[in-house]
Amino acid sequence: MPKLTIDGKEIEVADGLNLIQAADQAGIEIPHYCYHPGLSIVGNCRMCLVEVEKAPKLQIACNTRVAEGMVVHTRSARTRTAQKAVLEFLLINHPIDCPVCDQAGECKLQDYYMDYDQQPSRFSLGKKNKKGKAIDIGSDVMLDQERCILCARCTRFFDEITHTSELAIFGRGDHNVIDHWPGKPINNKYAVNVVDICPVGALTEKDFRFRMRVWYLHRTPSVCAGCERGCSIDIHHHRGRVYRYKPRHNPDVNGYWMCDEGRHSFVALQSESRLTTPLFQSGDRMAAEGWQPALERAAARIMEIGRTSGANAIGAVIGAQATNEEAYALKRLVKTTIGSDRIAGLCWSPPDASGDDNLLIRANKNPNLRGLEALGISPQNLDQLSASVAAGQLKMLIVLRADLVRALGEQEFLKRFGALDYMLVLDTDANETGQMANQLWPIAAFPEIDGSFTNFKGRVQRLQSAFAPPGQALSAVEVIARLGRQLDGNERVGSAEAVFAEMAAEEPAFKGLSFGGLGPHGRDLVA
Amino acid sequence: MERILTRWLDIPDIRRLDVYEANGGYQALRKALFDMKPEEIINEVKNSNLRGRGGAAFPTGTKWSFIPKDSKKPVYLCCNADESEPGTFANRYQLEFDPHQVLEGILIACRAVNAHVAYMYFRGEFTHQKRTVEGAIAEARAKGYIGKNIMGSGFDVEIYTHRGAGAYICGEETGLLESLEGKRAYPRNRPPFPAIQGAFGCPTVVNNVETLSNVPWIIKKGADWYRSIGPEKSPGPKLFCLSGHVNKPGLYELPMGFPLKDLIYDVGGGISDGRKLKAVIPGGASFPPFTAEEAEKVMMDFDSVRAAGSLMGTAGVMVMHDDTCMVDVLRTIAHFFHHESCGQCTPCREGCGWIEKLMIDMEAGRGKVSDLDVMLNVASNMEGNTICVLADSLAMPTRGFITKFRSEFEDHVRLGRCPFRDRDGRLAPPAHAAYQEGDHA
């Protein structure tokens, strides 16, 4: 643990850190462009030059390892001069088109100019180099070569992370440009990560650009529900709409990255078919009603079937899309309140979905299969359920986030479950299963709920509600709590935190975990 | 002084192996293989005070001693034949006329650092030189000097040739390594130094052609003999590339510490067109010029030139007479470095272009006096702040020319045109168009 002094502050840091990391631990920002903790060090931007005592020249902080007794000045006159100089150099051929640039507001050129430079340019506008603008370089990425500062983060990403090397630097000197190889535009499932790591407006995302000024966006940390990896994300949203997902650093799950599929998975959650009110089957169409009549209707049906055919005539199918809390709450309701042990999971991925790769993407598109398994809710039980339907033992099914019709196909579904008397479906959209339901209740989608997913490696991570669900939709945990109260008259706390606490107390796999204790990076299951 | 590096002037066919052998060729290699341990070779070269001729003047023996003795990885030797510094043309003659001397140096160096593979990196334009060297390698291999079990010693060395695609930056030692590995010649951050992580991640020595050519002589005649040539700290024979406004431009082998004045007036036959000396750049385009007055006193060795405020670099001595526009010279130098900056580091990528743009205006009479301070400031912002020294290579002449010839720049601003050009912007026709035949190589 070497001790060093940065700006007069003596600190002790882990061996092997570079000066940017060490200063960061002391709460001191060393500005940088090319350095990225997830990529190799190239040291080309020269923004992180700092004064290190006993070194004749300024040193780049990114490539300088901490050493015992090192004395570093990040705000000395020499450092300041170098920082101003680098910013001036970076801006002489930059178009300074901030008013029409989508990066404005999250641009490191803008930020550092305000923090470290603030001097008028001595370079006349007419002499700027002209390069390519608004070039479609493939995948979901647009390139503006004039804004590029040639930090080579994007080329290093494709070289070192995906090992596909789609982008390269062409030309020489101040005519250097980033581009793809001739005739070979980017076609990469991780391409938009280069937009994230581009410190300026050179690389922007086709889907996002010009849709929202970034300073209007709020950020809520959460988890991507696109596959069983469960990448840590920030939800960027404004007035109840998600505008983008950005990967959030999590060394134990996704590093700094996420895939483009997951990144765009929010689009499906904002479709026209979102449910906003409880529905019930009225003749040959679905009719809207309030929550109270809906709960009464369902409770009455559960009690009637329970009375006539026994509690075991009521079962539940829980999709591996449900959170740990939702699955646990429904399991409790079915097992304890209703008294049935007929519960099955459903784990289904679209046949055209992408397969496993060696970076992040998983073929299993269900974010919480491992969580269901940890709660003893197995997808294998589905056959037993359909057998009980055939045997006339199972009359009613509560279906949570499980599109059985789509998973099985309509013919197969009707063959196996067509004989059911009653089906209560809790989902976000009027999917195919919902359209066959007797009652269809609107629940909150992932950006709208608190809860947790357990990824395929057993990592339990928190989802956080970014905004309220649309219309009368409620979180599924709340709906299940209300249904429980309707059935037995006992109050239940409809919060994910309370359900998690109960789950941690009751379920061995979750023993010792707490909702608050999951932290930004999550915790591993006990078993 | 006996010619050592330019023996082809005395022995015209020394490029041929039989002639080279007849004149003591490969005897130093024999000595290095059979009579000396690798440490002894390194110590001999260390004691000789041989310093790198590529421009940086780093002690060669010391460089070799940085190679780990017990390296688990292979060790490589790279011969830097990417001679690209403006005004420099020594290596090309050596490769064309005495390739075996370079090869012998390479083989001895390989023995010293225990390298079994050597690469020769030629600049893109050296097609002819590369062919010549490849012929020499084939000859030497046939005689058992290259390949397995050299001269029956059990020591193996394979020499591979590689030609770049023609970029100045490929001559920078880590840019060369990147290029050799098939990548863009972006110079690398140091540490790690090439001695620890060079070509293909393995310990590597990069030495210039001229440096390696000295090695057989040091081994053959000893460090004490070598140190006796020229100044103690910067000894040896040196190839001077004399160009510009002298009557006898060309390649001259002279001892280190040779007076610049004598180089210009005696060896070079004086200033052409009967004009007066105005400025000399002593070491290629990368360094500040000397005024005529300064040039009077300078001795041409690494330390003396440095003490006088410039650097000897590659010893590409460019002489300019009093009808030369210093603004135009700096503009040309700026153009070169702008064109050759690899563009990796921000200050160099942007600064070189900025200075050239200002210099184009300055030379055309569109500049402002305040531009001079901007350029000095830009130069100081570039210098020392980049991965390699290409930025410094423009910063130094920029500062040198502007401070030493400031009035000439101010004249351009005042007149609104170049005083050395006519009103149509044409330079006076070169009266020195026909060079006299000298005894240059």
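How each quantity is defined
- Residues numbered from 1 in each chain as written.
- Chains lettered and ligands numbered in written order.
- Predicted model: local features only at pLDDT ≥ 70, side-chain atom pairs only at ≥ 80, totals over all residues.
- Helix = DSSP H or I, 4+ residues; strand = E, 2+ residues; numbered from the N terminus.
- Buried ≥ 20, exposed ≤ 12 C-beta atoms within 10 Å, placed from the backbone.
- Contact = placed C-beta atoms within 7 Å.
- Domains from an automatic or database assignment.
- Nonpolar A, V, L, I, M, F, W, Y, C, P; charged D, E, K, R; others polar.
- Pairing = 2+ DSSP bridges.
- Axes fitted to C-alpha atoms, helices over the stretch in contact; angles between N-to-C directions.
- Left-handed = near helix turned anticlockwise from the far one by under 90°.

What to know about the overall build of chain B
Part 1: The helix and strand tally for chain B stands at 18 helices and 11 strands.
Part 2: Judged by the C-alpha coordinates and their principal axes, chain B covers about 75 × 45 × 35 Å.
Part 3: Counting only residues that meet the buried cut, chain B has 56% of its 441 residues in that class.
Part 4: Contacts spanning at least 24 positions in sequence make up 71% of the contacts within chain B whose residues lie at least 6 apart.

Some points on the domain arrangement of chain B
All names here are of chain B.
Part 1: On domain assignment, one finds that chain B holds domain 1 (12-227), domain 2 (237-266 + 280-319) and domain 3 (326-415).
Part 2: The C-alpha-based centres of domain 2 and domain 3 are spaced at 22 Å.
Part 3: Contacts between domain 2 and domain 3 engage six residues on the former and nine residues on the latter.
Part 4: Its residues assigned to classes, the side of domain 2 that touches domain 3 comprises four nonpolar, two polar and no charged.

Examining the sheet that holds strand 22 (residues 459-463) of chain A
Residues and elements named next belong to chain A.
Part 1: Across the sheet, which stays open at both edges, the three strands sit in the order 21-22-23 with antiparallel pairing between neighbours. The outermost strands of the open sheet, each flanked by one partner alone, are strand 21 (451-454) and strand 23 (523-524).
Part 2: Direction of pairing for strand 22 relative to strand 23: antiparallel, over a ladder of two bridges. Counted as the bridge partner of R459 is D524 from strand 23.

Quick look at the interface of chain A and chain B
Part 1: The partner chain B presents 24 residues to the 25 residues of chain A that form the contact.
Part 2: Considering every element that reaches the side of chain A that touches chain B, the biggest residue donor is helix 2 (residues 77-92) of chain A, with six residues.
Part 3: Looking at the side of chain A that touches chain B residue by residue, the class counts come to 13 nonpolar, six polar and six charged.

Observations regarding the domain arrangement of chain A
Part 1: Taken domain by domain, chain A comprises domain 1 (3-90), domain 2 (97-214) and domain 3 (279-524).
Part 2: Just the C-alpha atoms count here: the centres of domain 2 of chain A and domain 3 of chain A sit 44 Å apart.

Some words on the packing of helix 2 of chain A against helix 3 (residues 108-117) of chain A
All names here are of chain A.
Part 1: Look at helix 2 against helix 3: their axes get within 10 Å of each other, and the N-to-C directions meet at 140°. Taken as a pair, helix 2 and helix 3 cross one another with a handedness that is left-handed. Contacts between helix 2 and helix 3 involve Q83, K84, L87, E88, L90 and L91 on the former and, on the latter, L109, Y112, Y113, Y116 and D117.
Part 2: Counted by class, the contact of helix 2 with helix 3 contains seven nonpolar, one polar and three charged residues.

With respect to the pairing of strand 6 (residues 250-255) of chain B
Residue and element names in this part refer to chain B.
Part 1: Of the pairings in the sheet, the one linking strand 5 (residues 237-244) to strand 6 comprises six bridges and is antiparallel in character. Among the inter-strand pairings, P237 is bridged to a residue of strand 6, identified as P255.
Part 2: Connecting strand 5 to the next strand, strand 6, in antiparallel fashion are five residues.

Focus: the sheet that holds strand 11 (residues 218-223) of chain A
All names here are of chain A.
Part 1: Strand order across the open sheet formed by three strands is 11-12-13, with antiparallel pairing between neighbours. Each end of this open sheet is capped by a strand with a single partner; those strands are strand 11 and strand 13 (241-247). Taken over all neighbouring pairs, the strand axes of this sheet differ in orientation by 30° on average, direction set aside.
Part 2: Relative to strand 13, strand 12 (residues 232-238) runs antiparallel, the two being bridged by six bridges. The residue of strand 13 that forms the bridge with H237 is V242.

With respect to helix 4 (residues 153-161) of chain A
Residues and elements named next belong to chain A.
Part 1: Among the residues making up helix 4, those that are buried are R153, C154, T155, R156, F157 and F158.
Part 2: Contact partners of the buried residues in helix 4: strand 8 (167-170), strand 9 (177-180), helix 5 (193-197) and strand 10 (203-205).
Part 3: Directly beyond the C-terminal end of helix 4, a positive phi value near 55° is found at H163.

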